[in-house]
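Breakdown of the fold
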Amino acid sequence: MDDNDIIDLFFARREDALLETRQKYGRRLLFTAMNILHNAEDAEECVSDTLWKTWETIPPTRPTMFGAFLSKITRNLSLNLWKAQHAIRRGGGEVELLLGELEDCIPAKEVDTPETAYESQVLTETINDCLRSMDQTARIAFVLRYFHGESIQSVCTQLNMSESKAKSLLFRTRNHLKAYLEKEGIVR
């Protein structure tokens with residue numbers, strides 16, 4: 001089923017919108033959640049929560065890129081759950097590694113206020129602009145690693161490159177992002 005048809009089902013408040021969404025995007029959303037949580041039950045819970053959040057959001061929102069819209073919800077829910085689970089005990093996991101890699105580039109989010117919500121929106125738009133300025137391979141590697149939470153090995157496989165080349169590419173994209181954010185006045 002076409003994305004616009006699925007979105008129309010949400011606007012019509014038809015429950016089969018959830019079934020169609022799960023059928024079309026369920027595997028990808030589960031994969032994204034698993035890359036962050038490494039637990040099938042928690043990942044499935046995040047996918048279900050994604051569908052519920054989508055049901056609450058559409059209408060009035062009409063996403064232009066439905067798959068990316070769903071992936072972003074799943075990613076955020078997964079990261080929030082991961083942070084809650086690891087608030088007391090800090091381990092050396094993949095998600096902590098991902099967050100550490102981006103720590104120098106992206107400023108930490110403070111308490112939720114209207115100002116920080118606006119700053120977060122500006123940051124998102126600026127990161128998207130930066131990604132558009134990158135070549136396709138760098139952009140794909142960045143999104144796979146830092147949005148979908150995929151391992152370095154998975155990035156290597158999908159982009160058909162060596163591990164050292166992938167690490168080097170990701171290092172350069174992080175530096176490019178940091179420089180871009182500094183140029184835009186987002187970080188110092």
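What comes next concerns the included structure. Note that residues are indexed from 1 along each chain, following the sequence as it is written. Per-residue local features of the predicted model are confined to residues with pLDDT of at least 70, and side-chain atom pairs are confined, for both listing and counting, to 80 or more; whole-chain, interface and lining totals are unaffected and use all residues. Note that the side-chain values use all heavy atoms of the structure and ignore hydrogens as well as water.

1. Notes on the nonpolar core
Operational definition: What is meant by a nonpolar core is a set of buried Ala, Val, Leu, Ile, Met, Phe, Trp, Tyr and Cys residues, joined one to another through side-chain atoms within 4.5 Å. Here's how the labels work: a residue is buried when its accessible area is under 20% of the maximum for its type, exposed when over 50%, partly exposed in between, all with a 1.4 Å probe on protein chains only. A run of H or I in DSSP counts as a helix once it spans at least four residues, and a run of E counts as a strand once it spans at least two, with each numbered from the N terminus. Contacts are residue-level and defined by heavy atoms, with any inter-residue pair within 4.5 Å sufficient.
Core analysis: the largest hydrophobic core is formed by 24 residues, its most contacted members being I127, A141, F142, L177 and L181. Of all the elements in the fold, those that place two or more residues in this core are α6 (114-133), α7 (136-147), α8 (152-159) and α9 (163-183). Considering every element that reaches this core, the biggest residue donor is α9, with 6 residues. The contacts of I127, once residues within four sequence positions are left out, are I106, L177 and L181.

2. A word on the side chain of T74
Mapping T74 onto the fold places it in helix α4 (residues 66-85). Under the relative-accessibility criterion, T74 is labelled buried at 0%. With near-sequence residues (within four places) excluded, T74 lies in contact with L29, T32, A33 and T50.

3. Description of the environment of I73
With respect to the element layout, I73 can be found in helix α4. Overall, the relative accessible area of 11% leaves I73 in the buried class. Here the alpha-carbon distance between I73 and L29, two residues 44 residues apart in the chain, equals 9.2 Å. The residues contacting I73, other than those within four sequence positions of it, are T50, K53 and T54.

4. Quick look at the packing of α8 against α9
Formally: All axes are obtained by fitting lines to C-alpha atoms, using only the stretch in contact for helices, and the reported angles, taken between N-to-C directions, cover 0 to 180 degrees. With respect to orientation, any angle under 35 degrees is reported as roughly parallel, any angle over 145 as roughly antiparallel, any angle of 65 to 115 as roughly perpendicular, and every other angle as oblique. Gly is placed with the polar residues, together with every amino acid not listed as nonpolar (Ala, Val, Leu, Ile, Met, Phe, Trp, Tyr, Cys and Pro) or charged (Asp, Glu, Lys and Arg).
Put simply, α8 and α9 touch, their axes get as near as 9 Å, and they point 105° apart. Overall, the two elements α8 and α9 adopt an arrangement that is roughly perpendicular. Facing I152, Q153 and C156 of α8, the residues of α9 in contact are E163, A166, K167 and L170. In terms of residue class, the contact of α8 with α9 is built from 4 nonpolar, 1 polar and 2 charged.

5. Here we look at the environment of T57
Test applied: Between N or O atoms, a polar contact is any pair within 3.5 Å; within protein, one atom must be a potential hydrogen donor and the other a potential acceptor, and residues adjacent in sequence are included only when both atoms are from side chains.
In this fold, T57 is placed in helix α3 (residues 40-57). Taking the C-alpha atoms as reference, T57 lies 9.3 Å from F10; in sequence the two are 47 residues apart. Reaching out from T57, the side chain makes a polar contact with the backbone oxygen of K53 at a distance of 2.6 Å.

6. Some remarks on the side chain of T32
In this structure, T32 sits in helix α2 (residues 16-37). Residue contacts for T32: discarding those within four places in its chain leaves T74, R75, F147 and H148.

7. Here's the deal with the packing of aromatic side chains
Centre-to-centre distance and the angle between the planes together describe a pair of aromatic rings. Using the following cut-off: Centres within 6.5 Å are what make two rings of Phe, Tyr or Trp a pair, Trp counting through its six-membered ring; a difference in plane orientation under 30 degrees is then read as stacked, over 60 as edge-to-face, and the rest as tilted.
For the coordinates displayed, the defined rule picks out 5 aromatic pairs. Taken together, a centroid distance of 6.0 Å and an interplanar angle of 55° make the contact between F10 and W55 tilted. With F10 in helix α1 (residues 3-11) and W55 in helix α3, this pair connects stretches of sequence that are 45 residues apart. When its relative accessible area of 0% is taken as the criterion, F10 is described as buried. An aromatic cluster of at least three residues, connected via ring pairs, comprises F10, Y25, W55, F66 and F69.

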